[in-house]
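Report on the structure
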Amino acid sequence: MTGNAALPTDILVSDVRTVEEDWIDLYGHMNMVRYVALFDELGYVLLDHWGLGESYTRETGRGLFVVDVAVRYRRELRAGTPVAVAMRLLDSDDKRLLSLLELRRTDDGTVAATMEQLSIQVDLGTRKVVPFDAATAERLRSLADVQSVFPLPPGHQRRLHCRAK
């Protein structure tokens, strides 16, 4: 993330995907691994809006490694259901991000699953954890502060934290 560009303050939402037949398991609904795969695939794309996606990695040689996740499955999904991933920043410090991703049905707006994701910044050359530059760290903390006013999905209880409690 270079420059002084402000980050978008709204909750980010991916493009719409449709649950495919080959994502369906023996029980007639989307297999749990596909939920996490969609979070990973679409969340990675959304990171570009925070300046931490592919171009950031190519420019800086740094990237985000996921170190912990907490997934909650809330509603089954069947083939043909349209879905999108929404992502917000819950917390950030000098080298970590804690985001909340929601897999939402786009036909009725319900949340099918949530995933809290704790990531660390790593120098891809040394494979060591490194801090964000000061400007990036400040923008991310500010974004987390702004997004903290948005209500969490009904019934959601935070399970991960950036800092030890």
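Everything numeric in this text was worked out from a predicted model, so none of it was measured. (Residues numbered from 1 in each chain as written. Predicted model: local features only at pLDDT ≥ 70, side-chain atom pairs only at ≥ 80, totals over all residues. Heavy atoms only, no water.)

1. A few points about the packing of aromatic side chains
The condition that has to hold: Each aromatic pair joins two rings of Phe, Tyr and Trp (for Trp, the six-membered one) with centres within 6.5 Å, and gets the label stacked for planes under 30 degrees apart, edge-to-face for over 60, and tilted for any other angle. Labels follow the DSSP assignment, with helices taken as runs of H or I lasting at least four residues and strands as runs of E lasting at least two, numbered in each case from the N terminus. Accessibility here uses a 1.4 Å probe with only protein chains present; expressed as a share of the type maximum, an area under 20% marks a residue as buried, one over 50% as exposed, and anything in between as partly exposed. Note on geometry: a ring has a charge over it if NZ (lysine) or CZ (arginine) is within 6 Å of the ring centre and within 35 degrees of the ring normal.
Applying the stated criterion across every chain, the model contains 1 aromatic pair. With a centroid separation of 5.0 Å and 85° between ring planes, the pair formed by tyrosine 35 and tyrosine 73 is classed as edge-to-face. Remark: tyrosine 73 occurs in strand 3 (residues 62-73) and tyrosine 35 occurs in helix 1 (residues 32-46); sequence separation between them is 38 residues. Of the residues examined, tyrosine 73 reaches a relative accessible area of 38% and is grouped as partly exposed. Cation over ring: arginine 34 sits above tryptophan 23, and NZ or CZ is 4.1 Å from the ring centre.

2. Observations concerning helix 1
So the rule is basically this: A helix is expected to reach a length of 1.5 Å times the quantity of its residues less one. The directions from the helix axis to the C-beta atoms form the arc being described. Throughout, a contact is declared for two residues whenever any of their heavy atoms are within 4.5 Å. Between N or O atoms, a polar contact is any pair within 3.5 Å; within protein, one atom must be a potential hydrogen donor and the other a potential acceptor, and residues adjacent in sequence are included only when both atoms are from side chains.
For helix 1, spanning 15 residues, the distance from its first C-alpha to its last is 21 Å, which sits close to the expected 21 Å at 1.5 Å a residue. Turning to helix 1, its buried residues are Arg34, Tyr35, Leu38, Phe39, Leu42, Gly43 and Leu46. Seen along its axis, helix 1 keeps its buried residues to an arc of 150°; they face one direction. Of the surrounding secondary structure, the elements contacted by the buried residues of helix 1 are strand 1 (12-13), strand 2 (17-18), strand 3, strand 4 (82-92), strand 5 (96-105) and strand 6 (111-123). N-capping of helix 1 is provided by asparagine 31, with a side-chain oxygen placed 2.9 Å from the backbone N of valine 33.

3. Section: the environment of aspartate 68
Looking at where aspartate 68 falls in the secondary structure, it is placed in strand 3. Taking the C-alpha atoms as reference, aspartate 68 lies 7.2 Å from serine 119; in sequence the two are 51 residues apart. The residues contacting aspartate 68, other than those within four sequence positions of it, are Glu116, Gln117, Leu118 and Leu160.

4. A few points about the side chain of serine 99
Considering the arrangement of structural elements, one finds serine 99 in strand 5. In this view, serine 99 contacts Trp50, Met87, Arg88, Leu89, Leu90, Met115, Glu116 and Gln117; residues no more than four positions away in its chain are not counted.

5. Some points on the pattern of salt bridges
Applied cut-off: Note on definitions: salt bridges are taken to be side-chain nitrogens of Lys or Arg within 4 Å of carboxyl oxygens of Asp or Glu.
Counted by the stated rule, this structure contains 11 salt bridges. With its nearest N and O atoms 2.4 Å apart, the salt bridge here joins glutamate 41 to arginine 17. Placement of glutamate 41 in helix 1 and of arginine 17 in strand 2 is noted, with a sequence separation of 24 residues between them. Judged by its relative accessible area of 34%, glutamate 41 falls in the partly exposed class. Note on arginine 17: relative accessible area 26%, which makes it partly exposed. Of the charged contacts in the structure, one is a salt bridge between arginine 88 and glutamate 102, with a shortest N-O distance of 2.7 Å. Note that arginine 88 is positioned in strand 4 and glutamate 102 in strand 5, a separation of 14 residues in sequence. Glutamate 102 matches arginine 88 in its accessibility class, with the two residues each being buried. When salt bridges that share partners are traced, they join Arg75, Arg105, Asp107 and Asp108 into one network.

No statement about biological role is implied by the geometric values presented.
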